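In case you want the letters, here they are:
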Amino acid sequence: MAKGIREQLIGAWKLVSYEEKPVDGSPSFYPMTEQPMGIIMYTPDGYISAQLSQPNRKPFASGDWFKGTADEYKQEASTYIAYTGEFHVDEEAGKLTHSMFISLFPNWIGQTQPRVVKIDGDDLSLSTESPIESGGKKVNSHLRWKRAKTN
């Protein structure tokens, strides 16, 4: 018997690409560069944790998380995405939602966002279901993940 979406999602996935495609037809852009770093994890009890980052982020000069400069905090927040909460799958409709309980971006806290999900073996594609605001444009986000393997 074929596995359902929920069962296939369970585990950890490494980010391969993150592309934002503007709905106005202008060129795509890559918020976390064309070599992003990230992990998304789906737990058997229904939780999700997503962490996405630009590579080679600069450390704070002070070495103290709570004593950064305004520029360091701006750089920190604009090169990292993090959220966690519950996920839900409607197997019949083929729908996936992420509910944000905690988020680096406060506007997402309490939101439930639908995702377009496609799974092909160890490849996972997640996209926004409808356009979002990003970089001053309305875009559709497209993320590709590869199942994480431990050594």
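The following refers to the structure shown.

### Description of the overall build of the protein chain
Helices and strands together make up the secondary structure of the protein chain, namely 2 helices and 9 strands. Start at the N end of the protein chain and walk to the C end: the helices and strands fall as α-β-β-β-α-β-β-β-β-β-β. Taking 2.2 N^0.38 as the reference for a compact globule, 151 residues should give roughly 15 Å; the C-alpha atoms of the protein chain span a radius of gyration of 16 Å, in line with that estimate. Along the three orthogonal principal directions, the C-alpha set of the protein chain runs to about 55 × 40 × 30 Å. By the burial criterion, 30% of the 151 residues in the protein chain qualify as buried. Element-wise, carbon and sulfur atoms account for 55% of the exposed surface of the protein chain, whose accessible area totals about 9,600 Å².

### Details of the nonpolar core
Core analysis: the largest hydrophobic core is formed by 22 residues, its most contacted members being Leu9, Ile40, Tyr42, Leu52, Leu124, Leu126 and Trp145. Counting residues per element, the ones that place at least two in this core are α1 (5–9), β1 (11–22), β2 (37–42), β3 (47–53), β4 (80–90), β5 (95–103), β7 (123–128) and β9 (137–147).

### Some points on unusual backbone geometry
Positive phi outside glycine occurs at Thr33, with the angle close to 75°. Tracing the backbone through its elements, the reader meets Thr33 in the loop between β1 and β2. Of note, the phi angle at Asn56 is positive, near 55°, even though the residue is not glycine. Position of Asn56 among the secondary structure elements: in the loop between β3 and α2 (70–78). Assessed through its relative accessible area of 74%, Asn56 is described here as exposed.

Thresholds applied
Residues numbered from 1 in each chain as written. Predicted model: local features only at pLDDT ≥ 70, side-chain atom pairs only at ≥ 80, totals over all residues. Heavy atoms only, no water. Helix = DSSP H or I, 4+ residues; strand = E, 2+ residues; numbered from the N terminus. Rg over C-alpha atoms; globule rule 2.2 N^0.38 Å. Buried < 20%, exposed > 50% of the residue type's maximum accessible area, 1.4 Å probe, protein only. Areas by Shrake-Rupley, 256 points an atom, 1.4 Å probe, with all protein chains shown as cover. Core = buried A, V, L, I, M, F, W, Y, C linked by side-chain atoms within 4.5 Å.

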